[in-house]
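# Understanding the architecture of this molecule
Chain by chain, the residues run as shown.
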Amino acid sequence: MRAKAALLLALALLLTTACTGGDGGFGDGRITLRFQSLAWQQESVEANRELVAEWNATHPGVRVEYVQGSWDSVHDQLLTSFEGGEAPDIIHDASDDLADFAYGGYLADLTDLLPARLTSDIPDRTWETVTFGDGIYGVPFLQEPRVLIADAKLLRRSGVRIPTPERPWSWAEFRRVTKALSGPGRYGVAWPLKEPVSATLNLSLSAGGRLFHRGADGKVTVRFEAADEVVPRTVHDQVTTDRSAARSTLGSGGSDTLPGFFAGKYAMVPLGFSYRQQVEQQAPEGFEWRVLPAPAGAAGLDQGVSPQTLSIAADSPHQREAAAFVDFLLRPENMVRLALGDWMLPTGTEALRHPALRTGERGWSVGTALAGHLRSAPAQAVRGYPEWKDKVATPAFQEYYSGAIGLGELRRRLEEDGNLVLARYQR
């Protein structure tokens, strides 16, 4: 009986291998690619699923299977799937999450896989966000600047100068404006800084802040210099000195500030560009809002960004087919569809010229005007950044913004404590 059972099991396994091809394919020679998407808004999910369906309808030999992922757990989930040999072929992520995966050998180097059309359409400064060492480990396709979303009626009544991308507020003027917009029961600004590090570092590029400095030996050290102080000092003084920023929102996420914004409690909220969708959908009838550029500093309107990316797993047996799907997904017309679905900006220069992204309606034109000022986020290629951020920088910034510690202690923690963490990753 045991011999007969073993024979039946062996036959079953042979039949299964024959049907599937044993490598992600089928007995008829068709290949299946798994595409894990992190799209979560309804319009975005629909756009992604529609594009997958269009690919499948026109590429019968290479079928793409849509797999829904989540931003909340993507890093740990991907790490587990990489180590278990079960990673999806095409991976949706963000550029600031790729460094450890790239250096760890989990992602394919796309340098020789991508077509010239795609590589030339995306600016070099954007490719820098996915370049680690000598390789390219993702295609950056969606990006968003941080902007100010403001109560239009309050702005008009206050008489303050309305900034434009051509004539933005300076950080000093922004501080004066938030004082002017404050009044009984109202703050000039609400900073949602539940995740304070990326917001602070990315906005600090406008003032010339770098924070991370790479030496000739390739090692990175943290130096909190005068230019790095501009943005955190502004937020700190708005909260603790001017009382023009709400202390209660410092531990909040962006969505948490919207009810108070709609109720007139806050005149402005600094948010990612994509939050416009929530504002549009949730604003009460008659509420008027507008999009303003974030303040500028010594480096103008420069901001750090970590674009959304598409990568290919190093273990995928069908890397060229996966690259062909990425190329299809990011054709200019498709990139526009993805950008509109996510209320974000495409990275491609041709897609950015689309009229739908240059209208003044819902602030689209402000966003596209800022696209040329977006730079690689300061922490982009810093190994150990996630631990530095979670264990050192986040609590330090949170305590500084609330007034619990001073600027000197903030500097000490970021530099002394932070460099101890980074050193472990650079031996």
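Report on the accompanying structure. (Residues numbered from 1 in each chain as written. Predicted model: local features only at pLDDT ≥ 70, side-chain atom pairs only at ≥ 80, totals over all residues. Heavy atoms only, no water.)

## Here's the deal with the overall build of the chain
When you go through the chain residue by residue, the secondary structure sums to 18 helices and 15 strands. Each principal axis of the C-alpha distribution contributes one length, and for the chain these read about 85 × 50 × 45 Å. When the 427 residues of the chain are sorted by exposure, 53% land in the buried category. Relative to all contacts within the chain whose residues are 6 or more apart in sequence, the contacts with residues 24 or more apart total 74%. Surface summary for the chain: the accessible area is close to 18,700 Å², and the carbon and sulfur share equals 51%. (Helix = DSSP H or I, 4+ residues; strand = E, 2+ residues; numbered from the N terminus. Buried < 20%, exposed > 50% of the residue type's maximum accessible area, 1.4 Å probe, protein only. Contact = heavy atoms within 4.5 Å. Areas by Shrake-Rupley, 256 points an atom, 1.4 Å probe, with all protein chains shown as cover.)

## Describing the packing of aromatic side chains
The final tally for this structure, using the stated rule, is 23 aromatic pairs. A ring pair is formed by Phe174 and Trp191, whose centres lie 6.3 Å apart and whose planes are at 85°; its orientation type is edge-to-face. Highlighted residues: Phe174 in helix 8 (residues 171-181) and Trp191 in the loop between helix 8 and helix 9 (196-204), separated in sequence by 17 residues. Here the two residues Phe174 and Trp191 agree in accessibility, since each one is buried. Ring plane angle 45° and centroid distance 5.9 Å describe the contact between Phe261 and Phe262, whose orientation is recorded as tilted. An aromatic cluster of three or more residues is present, and its members are Phe35, Trp55, Tyr66, Phe325 and Phe328. The positively charged end of Arg276 is found above the aromatic ring belonging to Phe273, 3.6 Å away from the centroid. Here the basic side chain of Arg276 rests over the ring of Trp364, its NZ or CZ set 4.1 Å away from the ring centre. (Phe/Tyr/Trp six-rings, centres within 6.5 Å; stacked < 30°, edge-to-face > 60°. Lys NZ or Arg CZ within 6 Å of the ring centre and 35° of its normal.)

## A look at the pattern of salt bridges
Evaluated as defined, the whole model comprises 21 salt bridges. Here Glu409 and Arg413 are joined by a salt bridge, their closest N and O atoms 3.1 Å apart. Pair noted here: Glu409 and Arg413 are both in helix 18 (residues 407-423), with a separation of four residues, about one helical turn. Taking relative accessible area as the criterion, Glu409 reaches 28% and is therefore assigned partly exposed. Given the relative accessible area of 17%, Arg413 is considered buried. The partner of Arg412 in a salt bridge is Asp417, and the shortest N-O contact between them spans 3.3 Å. Each member of the salt-bridge network shares a partner with another, and the members are Glu399, Glu409, Arg412, Arg413, Glu416 and Asp417. (Salt bridge = Lys/Arg side-chain N within 4 Å of Asp/Glu carboxyl O.)

## Examining the packing of helix 2 (residues 42-58) against helix 14 (residues 332-342)
Put simply, helix 2 and helix 14 touch, their axes get as near as 7 Å, and they point 155° apart. One element, helix 2, and the other, helix 14, form an angle in the roughly antiparallel class. Judged by the sense of rotation from one axis to the other, the crossing of helix 2 with helix 14 is left-handed. Judged by residue contacts, Glu43, Ser44, Ala47, Asn48, Glu50, Leu51 and Glu54 of helix 2 engage Asn334, Arg337, Leu338, Leu340, Gly341 and Asp342 from helix 14. The residue makeup of the contact of helix 2 with helix 14, split by class, is four nonpolar, four polar and five charged. (Axes fitted to C-alpha atoms, helices over the stretch in contact; angles between N-to-C directions. Parallel < 35°, antiparallel > 145°, perpendicular 65-115°, else oblique. Left-handed = near helix turned anticlockwise from the far one by under 90°. Nonpolar A, V, L, I, M, F, W, Y, C, P; charged D, E, K, R; others polar.)

## A word on the environment of Arg34
Along the chain, Arg34 turns up in strand 1 (residues 31-37). For the pair Arg34 and Ser182, spaced 148 residues apart in the sequence, the C-alpha separation amounts to 51 Å. If we skip the residues at most four places from it in the chain, Arg34 touches Glu65, Val67, Glu86, Ala87, Pro88, Asp89 and Ile90.

## So, the sheet that holds strand 11 (residues 289-293)
Strand pairs in the sheet, formed through backbone hydrogen bonds, run parallel or antiparallel to each other. Taking strand neighbours across the sheet as the criterion, the three strands line up as 10-7-11 in an open arrangement whose pairing is antiparallel. Looking along the sheet, the strands with just one partner apiece sit at the ends: strand 10 (268-272) and strand 11. For this sheet, the mean angle separating the axes of adjacent strands, direction not counted, is 35°. When strand 7 (residues 146-151) meets strand 10, the two strands line up antiparallel, connected through five bridges. The residue of strand 10 that forms the bridge with Val147 is Leu271. (Pairing = 2+ DSSP bridges.)

## Details of the environment of Trp191
A relative accessible area of 4% places Trp191 in the buried class. Sequence-wise, Trp191 and Arg362 are 171 residues apart; in three dimensions their C-alpha atoms are separated by 21 Å. Apart from residues lying up to four places away in sequence, Trp191 is in contact with Trp171, Phe174, Leu203, Val235, Gln238, Ala245, Thr249, Leu250 and Pro270. Separated by 2.8 Å, the side chains of Trp191 and Gln238 make a polar contact. (Polar contact = N/O pair within 3.5 Å; in protein donor to acceptor, adjacent residues only side chain to side chain.)

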